[in-house]
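# Observations on the model geometry
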Amino acid sequence: MDENELIQQAPGAPPIVIPMTESAPQPVIIQQETPKRAEKSGPLPITNRPTQGGIPVILFEGVSKVYSAQPNKPALSNINLGINAGEFIFLVGHSGSGKSTFIRLINREIVASRGRLLVAGEDVIRMRNWRVPYLRRNIGCVYQDFKLLPNKTAFDNVAFALQVIGKSKHIIRTQVPEVLRLVGLEDKIHSYPDQLSGGEQQRVSIARAIVNRPPLLICDEPTGNLDPQTSLGIMRLLDRINRTGTTILVATHDREMVDSLRKRVVELENGYLVRDQDKGVYGIDA
Amino acid sequence: MRSLAYFIKEAFSNSRKNFSTTFGGIITIFLSLLVIGVFMVASLIIDQMIKSVESQVSISIYLHDDVTDMDLESFKGFLSNMPEVSTVVYISKEQSLERFKEQATTDIADQLDGNPLPALLEVSLREPDKVQSVVDQIMANDLFLSVIDRPDAPQDSIKYGKDIIEKLFSITSTIRIVCIALVILLVFVALIFINNTIRLAILARRKEIAIMKLVGASNGFIRGPFLMEGFLQAVIGAGLSIGTISMLCNYLIKNVQTILPWLPINMGQLSLWMIYLVLLGAGVVIGLFGSLWAMRRYLKV
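### Considering the packing of aromatic side chains
Using the criterion set out here, one finds eight aromatic pairs over all chains in the structure. For the ring pair Y6 of chain B and F221 of chain B, a centre distance of 4.8 Å and an interplane angle of 20° mean the geometry is stacked. With Y6 of chain B in helix α1 (residues 2-17) and F221 of chain B in helix α10 (residues 219-259), this residue pair connects regions lying 215 residues apart in the sequence. Taken together, Y6, F7 and F221 of chain B form an aromatic cluster joined through their ring pairs. The side chain of K147 of chain A reaches across the aromatic face of Y143 of chain A, ending 5.0 Å from its centre.

### Remarks on the sheet that holds strand β1 (residues 58-62) of chain B
Strand pairing in a sheet takes place through backbone hydrogen bonds and is either antiparallel or parallel in direction. Residue and element names in this part refer to chain B. An order of β2-β3-β1-β4 is seen for the four strands of this open sheet, with the pairing classed as antiparallel. Single-partner strands in this sheet number two, and they are β2 (85-91) and β4 (158-159). In this fold helix α3 (residues 69-81) packs onto β1, β2 and β3 (120-125), with an angle of close to 155° to the strand it touches most, β2. Those strands touched by helix α5 (residues 131-140) are β1, β2, β3 and β4, and its axis lies near 25° from that of β1.

### Examining the environment of G198 of chain A
Residue and element names in this part refer to chain A. On the secondary structure map, G198 appears in helix α7 (residues 198-210). Residue G198 is classed as partly exposed on the basis of its relative accessible area, which comes to 25%. Linking G198 and T223, residues 25 residues apart in sequence, is a C-alpha distance of 9.4 Å. Aside from chain neighbours lying at most four places away, what touches G198 is F146 and L226.

### A short note on the environment of L292 of chain B
Residues and elements named next belong to chain B. Among the structural elements, L292 can be located in helix α11 (residues 269-298). Overall, L292 belongs to the partly exposed group, its relative accessible area being 41%. C-alpha separation for the pair L292 and I194, spaced 98 residues apart in sequence, amounts to 9.7 Å.

### Observations regarding the interface of chain B and chain A
Between chain B and chain A, the residue contacts involve 14 residues of the former and 21 residues of the latter. For the pair chain B and chain A, the two sides together bury roughly 1,600 Å², of which 63% comes from carbon and sulfur. The tally of links from chain B across to chain A stands at zero salt bridges. The interface formed by chain B and chain A contains three residue pairs in polar contact (both at pLDDT 80 or more). Considering every element that reaches the side of chain B that touches chain A, the biggest residue donor is helix α9 (residues 206-214) of chain B, with six residues. Here the residues of the side of chain B that touches chain A sort into seven nonpolar, three polar and four charged.

### Quick notes on the sheet that holds strand β2 (residues 58-65) of chain A
Residue and element names in this part refer to chain A. The antiparallel open sheet is built from four strands, whose spatial order is β3-β2-β5-β6. Two strands bound the open sheet, and with one partner strand each, they are β3 (76-83) and β6 (122-123). Sheet analysis places β2 next to strand β5 (residues 114-119), joined by five bridges and oriented antiparallel. The residue bridging F60 from the neighbouring strand is L117, located in β5.

### Observations regarding the nonpolar core
Core analysis: the biggest nonpolar cluster contains 88 residues, and F90, V164, V176, L217 and L238 of chain A have the highest contact counts within it. Counting residues in hydrophobic clusters, the runner-up holds 34 residues, among them I58, L76, M127 and C141 of chain A.

### Let's talk about the pairing of β2 of chain A
Residue and element names in this part refer to chain A. Of all eight residues in β2, seven are buried; the element is thus mostly enclosed. Where β2 and β3 come together, five bridges link them in antiparallel fashion. Note on β3: the bridge partner recorded for K65 is L76.

### Section: the packing of helix α5 (residues 154-163) of chain A against helix α6 (residues 169-182) of chain A
Residue and element names in this part refer to chain A. With their axes 10 Å apart at the nearest point, α5 and α6 run at an angle of 125° to one another. The angle between α5 and α6 places the two elements in the oblique class. Judged by the twist between their axes, the crossing of α5 over α6 is right-handed. Contacts between α5 and α6 involve A154, F155, V158, A159, L162 and Q163 from the former and I172, Q175, V176, P177, V179 and L180 from the latter. Partitioning the contact of α5 with α6 into residue classes produces ten nonpolar, two polar and no charged.

### So, the side chain of T101 of chain A
Residue and element names in this part refer to chain A. Mapped onto the elements of the fold, T101 is located in helix α3 (residues 99-106). Given a relative accessible area of 8%, T101 falls into the buried group. Beyond its immediate chain neighbours, meaning those up to four positions away, T101 contacts K65, Y67, A75, L76 and I110.

### Things to note about α3 of chain A
All names here are of chain A. Among the eight residues that make up α3, six are buried, leaving the element largely enclosed by the rest of the structure. The complete set of buried residues in α3 reads K99, T101, F102, I103, L105 and I106. R108 lies just past α3 and shows a positive phi near 55°.

### Here we look at α6 of chain A
All names here are of chain A. Look at α6: 20 Å from first C-alpha to last across 14 residues, which is about the 20 Å you get at 1.5 Å a residue. For α6, the full list of buried residues reads I172, Q175, V176, V179 and L180. The inward-facing, buried residues of α6 abut α5 and α7. Remark: G184 follows α6 within two positions and exhibits a positive phi of approximately 85°.

### With respect to the confidence of the model for chain B
Residue and element names in this part refer to chain B. Residues of chain B with pLDDT of at least 70 account for 88%, and the chain-wide mean is 80. Predicted confidence in chain B is weakest over helix α7 (residues 154-157), with a mean pLDDT of 75, and strongest over α9, with 86. Reported for the predicted complex are a pTM of 0.65 and an ipTM of 0.73.

### Section: the pattern of salt bridges
Between side chains of opposite charge, a pair can form when the charged atoms approach closely. Residue and element names in this part refer to chain A. Counted according to the given criterion, the structure contains 14 salt bridges over all chains. Among the salt bridges present, the one from D145 reaches K147, with a minimum N-O distance of 3.7 Å. Residue class for K147 comes out partly exposed when judged on its relative accessible area of 24%. For the salt bridge of D239 with R243, the shortest nitrogen-to-oxygen distance reads 3.1 Å. Of the two residues, D239 and R243 both sit in helix α8 (residues 228-243), four residues apart, roughly one turn of that helix. Under the relative-accessibility criterion, D239 is labelled buried at 12%. Among the charged side chains, a salt-bridge network with shared partners connects E87, R264 and D276.

Rules of the game
Residues numbered from 1 in each chain as written. Chains lettered and ligands numbered in written order. Predicted model: local features only at pLDDT ≥ 70, side-chain atom pairs only at ≥ 80, totals over all residues. Heavy atoms only, no water. Phe/Tyr/Trp six-rings, centres within 6.5 Å; stacked < 30°, edge-to-face > 60°. Helix = DSSP H or I, 4+ residues; strand = E, 2+ residues; numbered from the N terminus. Lys NZ or Arg CZ within 6 Å of the ring centre and 35° of its normal. Pairing = 2+ DSSP bridges. Contact = heavy atoms within 4.5 Å. Axes fitted to C-alpha atoms, helices over the stretch in contact; angles between N-to-C directions. Buried < 20%, exposed > 50% of the residue type's maximum accessible area, 1.4 Å probe, protein only. Buried area = accessible area lost by both parts, 1.4 Å probe. Salt bridge = Lys/Arg side-chain N within 4 Å of Asp/Glu carboxyl O. Polar contact = N/O pair within 3.5 Å; in protein donor to acceptor, adjacent residues only side chain to side chain. Nonpolar A, V, L, I, M, F, W, Y, C, P; charged D, E, K, R; others polar. Core = buried A, V, L, I, M, F, W, Y, C linked by side-chain atoms within 4.5 Å. Parallel < 35°, antiparallel > 145°, perpendicular 65-115°, else oblique. Left-handed = near helix turned anticlockwise from the far one by under 90°. Expected span 1.5 Å × (residues − 1). pLDDT = per-residue confidence, 0-100.

Here you go:
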């Protein structure tokens, strides 16, 4: 039962509800002090966050990622950041600023070049390959392109995520309709992806990401393909999921969304963390 | 157990989708194993042939019609006293003719005027491989020239199965080399074919695999259906080749035996089963190895 040790929540059990008060989550912010960082890109990250708090669920300590295709331009440079359980965080920045790299480091689609990255207390950089699937069972993932299987219905797409980690038919029959109801698709259970709108497809993919009740949900541009109205619906859904205690990290370009929800905002620029702000907006100078 | 059922289900549905490549894989395994099997059965038969020919090796000494009883008796005594010799049998002219009549397919013997066939001594040996030295000793004996049918050509009066055995050996060694080369080639082709089918199967399901990885399916679970597919192809191919070979063997024993009665075809049932087992094992190894090879390159999990 290795996967249960990873995060103190048994799969299939109801999610741990962490009350969302205005001041509850207090992540550790480690000020970036390396001289290299200071030389190269000016000011330290602007932050209004206090530097004390509980044990973070995600902790970046001096994490860098250099792709072999661009050895002189790190995709991420010396990132220090802590994310507490139950937080809702927007990750903003221009294209190429390192948002996707940041996201993909967390579920170990890629491995950081330097530093220490703890997810739920486990070092994902030094993690053994065979442990990775168990890490991912605790991380829900939502992408811009939905990644749904076109030959499966909404139900089957969500059920697939449970099937392939070996859940019983009984669990699938009870959990899948429940999670589809949660995302507001109770009447489209047997529709195929091409019969659903973009927003509905994204809801299916969110349903798939949370059906196993992961404590952490990471979203890479979840509203990138959607119109503002639909995007708002998706963000409200994510907010609702967050209120059940799930930690949510959203990488986004959606200025309107970030500005209206006023969550913690982390900004990346050219691979550097330049801002970490509670109840922030999309652009500091906007 | 639930996953095993899932692997089999997936393997079958995938085989249906890529029927032509799956079919190609099965046929390649089938043909490769068929050649391996035929080679093994053939070498089994040849081994038995060599053994039976060796055991039949006897030395025939054709005798002069007017040989005296005394010479004959002392020559027989000399032969019987040789340590390598097990029995010495005298076959008279009449018996010789009887034998010829039995073996002859035509009634040519009846039209013969008198009896042209010589009497002979049949010497059978304890150890077939000593035949040459025994023959040399016989030809060196003083009485030899006085008893044989044609003293002017002693070589023609003494016959033994030397030529047959040497020919048989040279043929079988050639066949063996050709077969081994063919088997290696075909195993290689089968491996490539399986590798190719599994690679296509992986490419066809790239998206599904990406999602499986994303939601945390274990590596074994992702690989399972592909391994199962390679395994099933191999087992079906091996089954086909085993069936074909057992049919061929039955045919061989029933029909060829009656046409070529001198050719002893009797394969032990046990060695046949061993061959089937080897074929099945080889098929499974080819199937699993071929799919593992494909996955190593295309399924980095």
